[in-house]
Amino acid sequence: MTPALKDLYVQKDKMYVATDCIIFGFDAGKLKLLVFKRRVEPFLGTWSLIGSFVRMEEDVSEAAKRVLTEITGLDNVFMEQLKAYGMADRDPGYRCVSIAQFALIRIDDYDKELTEEHGAHWFELNELPELVLDHGQMVEDAMARLKRKARYQPIGFELLPEKFTIPQLQSLYEAIYQKKLDDRNFRKKLMTLGLLIKLNEKDKTTSRRGAFLYKFDYDNYQKLVKSGYNFEIA
């Protein structure tokens, strides 16, 4: 147990530190965001990113992981710190700095009952309701970061099931970039990278002939990272 801290700055002004999580998921060819209705004033009942104040004994990253686990039941997902939001008037409740994190989860993996219990809902990005405070700006910044990272790192695989088809992967990248990609060029780049393991299984949900399933080759990816390889996927 962390010992009680002695406040050596007792005469100084205080402020809160919060963490807000931009949680992306991918479902049925659509990139989605998990949000919930705010349960505290100010702005009780308005749509909000999922977040929390950082507890005295927590690191900021630990607070973000706690929030994600409490809402989704997941504790081993991709999460990255985005940036700090510290405008003096950003929160009328009190002076508060929020350190935003963005996470990528497989929608099939999360605990649906737990999420519903917290009143959280998935929205497609183009149908996202107006969000409280500066949370809309946080989402825009997270999308910009996601697009940059997805171009040079195979970050999109964090959003897909363990086994997937090339069309499913292309659909994900089209959702991230919000534009149509050339089928032939996309497949050619993927095969050149050597990051996929072709399985002797097919997905026949969309056609009788079916499409081959693939897995992401993490071992080869790590080797290529160490060699300084540049992953330009789209």
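Residues numbered from 1 in each chain as written. Predicted model: local features only at pLDDT ≥ 70, side-chain atom pairs only at ≥ 80, totals over all residues. Heavy atoms only, no water.

Taking an unreviewed UniProt entry as the reference, the protein chain is identified by name as NUDIX domain-containing protein belonging to Zunongwangia pacifica.

Quick notes on the pattern of salt bridges
The cut-off we apply is this: We define a salt bridge as a side-chain nitrogen of Lys or Arg found within 4 Å of a carboxyl oxygen belonging to Asp or Glu. Runs of H or I in DSSP of at least four residues are treated as helices and runs of E of at least two as strands, each being numbered from the N terminus. Relative accessibility thresholds used throughout: buried, under 20% of the residue-type maximum; exposed, over 50%; partly exposed, between the two (1.4 Å probe, protein chains only).
As enumerated under the stated definition, the model contains 12 salt bridges in all. In this structure, Asp134 engages Arg90 in a salt bridge whose closest nitrogen and oxygen atoms are separated by 2.8 Å. On the criterion of sequence distance, the pair formed by Asp134 in the loop between β7 (120-124) and α3 (135-152) and Arg90 in the loop between β5 (78-85) and β6 (96-106) is long-range, its members being 44 residues apart. Accessibility expressed as a relative area gives 17% for Asp134, which makes it buried. The salt bridge partner of Lys180 is Glu174, with a shortest N-O separation of 3.3 Å. Judged by relative accessible area, Glu174 falls into the buried class, the value being 17%.

Observations concerning the packing of helix α4 (residues 166-177) against helix α5 (residues 183-193)
Packed helices, taken two at a time, are described by the angle their axes make and the gap between the axes. We apply this condition: Geometry is summarised by axes, namely lines fitted to C-alpha atoms with helices restricted to the contacting stretch, and by angles between N-to-C directions that run from 0 to 180 degrees. Any angle from 65 to 115 degrees is called roughly perpendicular, while one under 35 is roughly parallel, one over 145 is roughly antiparallel, and all others are oblique. Pairs of residues are marked as contacts when any of their non-hydrogen atoms sit within 4.5 Å. By the convention adopted, Pro, Cys, Tyr, Trp, Phe, Met, Ile, Leu, Val and Ala count as nonpolar, Lys, Arg, Asp and Glu as charged, and the other residues, Gly among them, as polar.
In the contact formed by α4 and α5, the axes pass within 11 Å of each other and the chain directions differ by 105°. Regarding the angle of α4 to α5, the classification is roughly perpendicular. Contacts from Ile166, Leu169, Gln170 and Tyr173 in α4 reach Asp183, Phe186, Arg187, Leu190 and Met191 in α5. Looking at the contact of α4 with α5, its residues break down into 6 nonpolar, 1 polar and 2 charged.

Some remarks on the layout of surface pockets
Note the following rule: Detection works on a 1 Å grid of protein atoms alone, calling trapped sets that fit a 1.4 Å probe cavities and calling open sets with protein on both sides within 12 Å along at least five of seven lines pockets, with lining residues defined by an atom within 4 Å of a point. Grid points are joined across faces, edges and corners, and a volume is the space filled by probe spheres set on the points.
Considering only enclosed or pocket space, the largest pocket measures out at about 560 Å³ in volume. Lining the largest pocket are 27 residues, with Arg38, Val40, Gly51, Ser52 and Phe53 sitting closest to its centre. Taken together, the residues that form the lining of the largest pocket break down as 13 nonpolar, 7 polar and 7 charged. The space that makes up the second largest pocket amounts to roughly 250 Å³.

Looking at α3
Short version of the rule: Each helix should span, by expectation, one fewer than its residue count multiplied by 1.5 Å.
Spanning 18 residues, α3 covers 26 Å between terminal C-alpha atoms, matching the ideal 26 Å at 1.5 Å per step. Among the residues of α3, those classed as buried are His135, Met138, Val139, Asp141, Ala142, Met143, Arg145, Leu146, Lys149 and Ala150. Residues of α3 that are buried make contact with β1 (16-27), β2 (30-37), β3 (47-48), β5, β6 and α4.

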